[in-house]
Structure formats: C-alpha cells, structure tokens
Amino acid sequence: MSPDRREFLGRATGAVAATALGSATAACGPTPARNSAPAPGPAPAPGPFQLSLAEWSLHRAIRSGRLDPLDFAPYARERFGLDAVEHVNQFFIERAADDAYLREMRRRADDAGVRSLLIMCDLEGALGDPDDDARLRAVENHYKWVEAASVLGCHAIRVNADSAGDFEEQQRLAADGIRRLADFAEGHDIDVLVENHGGLSNHGAWLAGLIRRVHHPRVATLADFGNWEYAPGEWYDRYRGVEELMPVARAVSAKSFDFDASGNETTIDYERMMDLVLDAGYSGYVGIEYEGNRLSEEEGIRATQRLLERVGRSLAEPR
C-alpha cells in the first residue's frame, strides 16, 4: 500500500470514530467537491467508508404494499442500523409535486435520524433523445425531481443517459440534455449524477467521456458495480469501468446478486471493487443495492452489508 493510500485510510477511519460521536442530520451541506458526497453521519460499523441503502433493494416489498415508501428511511434505520438512503422515483411517481407528501417523507426520515442522499429517476424520457423537442421534454420532466430532491434534503438526483445513434452522436446528444438539466439543478443546489444504467452508459469510457464533455460543476457519475452490458452480448470489464468512473463519481452503488458459503458475492470481487473506489479518493456513501432472487430482500441486504463491513475492515488494516 502506498503512503498516500495508508494516510487516506487512516484519516477515513479516524473520521468514522469522530462522526460516531455526533448526531445525524438529514439536510445536505454545501455543494460537494468533485468526487465527494455529503459528510457522513454516525457509522453503523467501523471502516473507511459509510453505508447507505438503495430503495430498489426493497422493490418487491414496496410494490406488494408491505412497505410504504414513506416508511423506507425509518425501516433502513430500524432493520439495518443505516443512517442514509437513496430513493427511487418509481415508487412515488405521482407524488413528485406533492409538497405535503414530500415533507412527511422528510419528517419521518428526520425523526429516524436518516438523511436522504438522492432520488434515482427513471420513466421521464431520454435525456439524449435525437429529437430536439422530445429531448427538451425529457429535460423538463426531470425538473420536478430536482425540486423534490431539494425538499427531501438530497444532494443529487440520479439520471440515465438514454440516446440513439453511433458512439459519438449519443454522447453529444446526452451531453446536451444533461447540461440543460444541470443548469436548472444548479439553481436548487442539486447535483445531476449519471449512472451506468443501460445502453452506452454501461461502457465506462463512453460515460466518463460524457461527463468530461458536459463539463459542468453539477454533473458527475454514480458508479454501479453491475450494469456493464453496453450492447447485446457485449460486456464492458466491470473493474476497468469502475476505475474509469470513480474520478468523476459522487455516489457508488454496491450491486449484489448472490453469495457463496463464505459470504462473498458470487460475481463481483468486492475487495477489488472497494480498493478501486478508495484509491480514487472517494469519501461519500456506498449504497447497498441487492437485486438477487435466492435470498429474501432483507437477507440479501444484510448479506451485502456484512460483506461491505468486512471488506471495509480489511482495507483499513495496515499492509
């Protein structure tokens, strides 16, 4: 381990002990510096990074009515001891402009000592649509989610870079739509994060290049450990992709599907992934996003949490 890396891990582990003495807050602070997210609250376990919960991990419970989206943040605290969450707009798609609903969601999160980090936004059109009018409509469709994120105290929304055409054309079109959205989001102190989440966004070099092309202080990536099929049957190397996205990342999604008898994820080397994340100097939350079917949602979340905590302890040890 290099001296710089050892120093970073030492500072991060020390920050965990320091923040554990403070109180949680749901409101976000100043605009995050590049490659950072809001300062973490109390840590659920020692290690060089903090954990949050992505709402998609509970999509079956929410869609079945067993869990109300209003109770997602308190559930994350009560069941898993986590103090931060990432919302999914699909679960309250008709409530984006419902101020009373959003304020109640925030009140319940505040009461539980949980902060809302971001809203993952889908179903609002292609920000890189080749049709100028359709692209503008998609941009404007996202405005309400920027405003909702502000009400919830988030630092960002997560968007998709859907487009059509060749490699360069899709990058140009997506850059145009995302830049327009970022101009609006800047007035609300909200970042726009682009995830590797379908199509060419699953190509690490394409997405990293898109962020550089947009060149906006409010635009960064949400690096997901999964989602690397960028064309039918064409897969990008996940470790190379994460390494390319992390220098421009302000959120991380630790995707998981299944686990072996030792508690390791069966398709992703988590220690290698988190090594890449920390080597990039990332200091934000790492979101648990379980998508498997063999374990129940709660069991899968717990298995992912245990793995990340174990990896965090391992990476924090002197080498």
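Relevant structure appears above.
All values derive from a computational prediction rather than experimental measurement.

Caption draft 1: Quick look at helix α7 (residues 167-186). End to end, α7 covers 28 Å across 20 residues, agreeing with the expected 28 Å (1.5 Å per residue, within 8%). At its buried positions, α7 is contacted by α5 (132-141), α6 (143-152), β4 (156-159), β5 (191-195), α8 (204-214) and β6 (219-224).

Caption draft 2: Structural detail: the side chain of Glu265. Mapped onto the fold, Glu265 is located in the loop between β9 (249-256) and α10 (270-279). For the buried Glu265, no salt bridge exists, and the shortest N-O distance to an oppositely charged side chain is 7.0 Å, to Arg238. From its side chain, Glu265 meets the backbone nitrogen of Phe257 in a polar contact 2.7 Å long.

Caption draft 3: Summary view of the packing of helix α4 (residues 99-112) against α6. At a minimum axis separation of 9 Å, α4 and α6 run at an interaxial angle of 40°. One finds that α4 runs oblique with respect to α6. Relative to α6, the crossing made by α4 is right-handed. Here Asp99, Leu102, Arg103, Met105 and Arg106 of α4 lie close against α6, whose contacting residues are Ala148, Ser150, Val151 and Leu152. The residue inventory of the contact of α4 with α6, partitioned by class, reads five nonpolar, one polar and three charged.

Caption draft 4: Inspection of helix α3 (residues 72-80) at higher detail. Within the sequence span of α3, burial applies to Phe72, Ala73, Pro74, Ala76 and Phe80. Close packing links the buried residues of α3 with β1 (50-54), β2 (84-88), α4 and α11 (297-316). Gly81 lies just past α3 and shows a positive phi near 70°.

Caption draft 5: Molecular detail of the sheet that holds β6. Taken together, the eight strands give a closed barrel; going around it, the order is β1-β2-β3-β4-β5-β6-β9-β10, and neighbouring strands pair in parallel fashion. Direction aside, neighbouring strands of the sheet carry axes that sit 30° apart on average. With four bridges connecting them, β4 and β5 associate as parallel partners. In the sheet register, Val159 faces β5, and the bridge partner there is Val194.

Reading the values: rules and limits
- Residues numbered from 1 in each chain as written.
- Predicted model: local features only at pLDDT ≥ 70, side-chain atom pairs only at ≥ 80, totals over all residues.
- Heavy atoms only, no water.
- Helix = DSSP H or I, 4+ residues; strand = E, 2+ residues; numbered from the N terminus.
- Expected span 1.5 Å × (residues − 1).
- Contact = heavy atoms within 4.5 Å.
- Buried < 20%, exposed > 50% of the residue type's maximum accessible area, 1.4 Å probe, protein only.
- Lys, Arg positive; Asp, Glu negative; His and termini not counted.
- Salt bridge = Lys/Arg side-chain N within 4 Å of Asp/Glu carboxyl O.
- Polar contact = N/O pair within 3.5 Å; in protein donor to acceptor, adjacent residues only side chain to side chain.
- Axes fitted to C-alpha atoms, helices over the stretch in contact; angles between N-to-C directions.
- Parallel < 35°, antiparallel > 145°, perpendicular 65-115°, else oblique.
- Left-handed = near helix turned anticlockwise from the far one by under 90°.
- Nonpolar A, V, L, I, M, F, W, Y, C, P; charged D, E, K, R; others polar.
- Pairing = 2+ DSSP bridges.

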